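# Chain and residue survey
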Amino acid sequence: MVIVMALVGVLNLDGGPVSLALAENPGISYEFGIIIAALVCGIICGEDYRDKVANYEVLSGHSRESIFFARSLLASLSAAVLSTLLAFIPMIAGLVAGGWGNKVEFSSMILRLLLLFFPYLRLATFFALVTFIVKNHYIMMAVGFATMMITTILSEMMKDSGNFSMSVFNMKYLLTFDSWNVYNLDPKVGIVEYQSFSSAMPSGLIGGTIVVSLIFAVVYLLAGYALFRRDELN
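What this report covers is the structure whose coordinates are included nearby. (Residues numbered from 1 in each chain as written. Predicted model: local features only at pLDDT ≥ 70, side-chain atom pairs only at ≥ 80, totals over all residues. Heavy atoms only, no water.)

### A word on the overall build of the protein
This is how it is decided: In DSSP terms, a helix is any run of H or I states spanning at least four residues, a strand is any run of E spanning at least two, and both are numbered starting from the N terminus. Note on classification: 1.4 Å probe, protein chains only; a residue is buried when its accessible area is under 20% of the maximum for its type, exposed when over 50%, partly exposed between these limits. Should any heavy atoms of two residues lie within 4.5 Å, those residues are counted as being in contact.
On a plain count of helices and strands, the protein comes out with 11 helices and 2 strands. In the protein, the order of α-helices and β-strands from amino to carboxyl end is α-α-α-α-α-α-α-α-α-α-β-β-α. A buried classification covers 44% of the 234 residues belonging to the protein. When contacts within the protein are restricted to residue pairs at least 6 apart in sequence, those whose partners lie at least 24 apart make up 77%.

### Describing the packing of helix H10 (residues 167-174) against helix H11 (residues 205-228)
Relative placement of two packed helices is described by the angle separating their axes and the distance separating the axes. Worth spelling out the cut-off: Axis angles are defined between N-to-C directions and span 0 to 180 degrees, where every axis is a line fitted to C-alpha atoms and, for a helix, only to the segment in contact. Should an angle fall under 35 degrees it is taken as roughly parallel, and over 145 as roughly antiparallel, whereas 65 to 115 is taken as roughly perpendicular and any remaining angle as oblique. With the far helix as reference, a near helix turned anticlockwise by less than a right angle produces a left-handed crossing, and one turned clockwise produces a right-handed crossing. Residue classes follow a fixed rule: Ala, Val, Leu, Ile, Met, Phe, Trp, Tyr, Cys and Pro count as nonpolar, while Asp, Glu, Lys and Arg count as charged, and any other residue, Gly among them, counts as polar.
Interhelical geometry of H10 versus H11 gives an angle of 160 degrees and a closest axis separation of 11 Å. On the basis of their axis angle, the class for H10 and H11 is roughly antiparallel. Relative to H11, the crossing made by H10 is left-handed. Of H11, the residues touching H10 (which contributes Asn170, Tyr173 and Leu174) are Leu205, Thr209 and Ser213. Classifying every residue of the contact of H10 with H11 gives 3 nonpolar, 3 polar and no charged.

### Some remarks on helix H6 (residues 89-98)
Among the residues of H6, those classed as buried are Ile89, Pro90, Met91, Ala93 and Gly94. Buried positions along H6 lie against helix H1 (2-11), helix H2 (18-24), helix H3 (27-46), helix H5 (64-87) and helix H7 (106-115).

### A word on unusual backbone geometry
The phi angle at Lys135 is positive, at roughly 55 degrees, despite the residue not being glycine. Relative to the helices and strands, Lys135 is located in the loop between helix H8 (117-134) and helix H9 (137-157). According to the relative accessible area criterion, Lys135 is buried, its value standing at 19%.

### Some points on the environment of Val96
Within the fold, Val96 resides in helix H6. Spatially, the C-alpha atom of Val96 lies 9.9 Å from that of Pro17, the residues being 79 residues apart in sequence.

### Things to note about the environment of Val143
Along the chain, the position of Val143 falls in helix H9. Sequence spacing of Val143 and Val130 is 13 residues, and the spatial spacing of their C-alpha atoms is 9.3 Å.

### A look at the nonpolar core
Quick reminder of the rule: We call a set of buried residues a nonpolar core when its members are Ala, Val, Leu, Ile, Met, Phe, Trp, Tyr or Cys and they connect through side-chain atoms within 4.5 Å of each other.
Of all hydrophobic cores here, the largest spans 57 residues; its most connected members are Met109, Leu113, Leu116 and Phe127. Ranked by residues supplied to this core, first place goes to H3 with 10 residues. The residues contacting Leu113, other than those within four sequence positions of it, are Ser29, Thr84, Ala87, Phe88, Met91 and Leu175.

### Some details on the side chain of Ser29
Mapped onto the fold, Ser29 is located in helix H3. With near-sequence residues (within four places) excluded, Ser29 lies in contact with Met5, Leu22, Ala87, Pro90, Leu113, Tyr120 and Leu175.

### Let's talk about the packing of aromatic side chains
Threshold: For Phe, Tyr and Trp, rings pair up if their centres lie within 6.5 Å, where Trp contributes its six-membered ring, and each pair is then called stacked (planes under 30 degrees apart), edge-to-face (over 60) or tilted (otherwise). Charge over a ring is defined by NZ of Lys or CZ of Arg lying within 6 Å of the ring centre and within 35 degrees of the ring normal.
All told, the structure shown has 12 aromatic pairs when counted by the stated rule. Between Trp100 and Phe106, the ring centres sit 5.1 Å apart and the planes meet at 90 degrees, which makes this aromatic pair edge-to-face. Of the residues examined, Phe106 reaches a relative accessible area of 40% and is grouped as partly exposed. Every member of this aromatic cluster is reached through a ring pair, and the members are Phe68, Phe69, Phe132, Tyr225 and Phe228. Directly above the aromatic system of Phe228 lies the positively charged group of Arg64, at a separation of 5.6 Å from the ring centroid.

### Observations concerning the environment of Ala23
The topology assignment puts Ala23 in helix H2. Leaving out residues up to four positions away in the same chain, Ala23 has contacts with Val104, Phe177 and Phe197.

### Things to note about the packing of H7 against H11
Direction vectors running N to C along H7 and H11 enclose 15 degrees, while the axes themselves pass 11 Å from each other. By the angle between their directions, the pair H7 and H11 is classed as roughly parallel. Note on packing geometry: the crossing formed by H7 with H11 is left-handed. Note on element contacts: H11 touches H7 through Leu205, Ile206, Thr209 and Ile210, opposite Leu111, Arg112 and Leu115.

This is the structure:
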């Protein structure tokens, strides 16, 4: 995982500093983590359902509440932490290979990457809910890959990045910087482009990310438990 993310960071430098690569391509930091979140939730919540081993927890006297929340909370927190840590790898690899540059403030990027934990947590609780429904971690791998691909397509189509409606939109909002371009004419090289980014955090970004993500995470957990407590576990 680390090698893949490091390669993503280095290959997107295109001869420039890593701050420019991250500002121009916000998806390189968070998109791969979506697959990892689905993989972790699938393994922790659903790997032992195909051979019915998970049913022994109920048969041995454990409550459905303890089974669901133990698995879901462990899976969601583990997935969110791992995906957030992996989001730093492109920045670190690019920093070593091409330097930071001056396109965006380093502290602003660090804070935005740390805040990815909350939409990842929200997404992971949803993946945990889906895992208890499908009971198959291989299907969750496919779900994670499909979610990442759909996210890439929607991110290209979506004009307004200031959106908390979905966790993947929230991730893009966190890593999108306001920018503007200025052009100059040089008699030798022709058109010269100058691009600048604003590192200022949009109003409500931090609070909105945390509050909305936690609310949805709780909703997904309660919805998942409501389904699991009535599941016949056939």
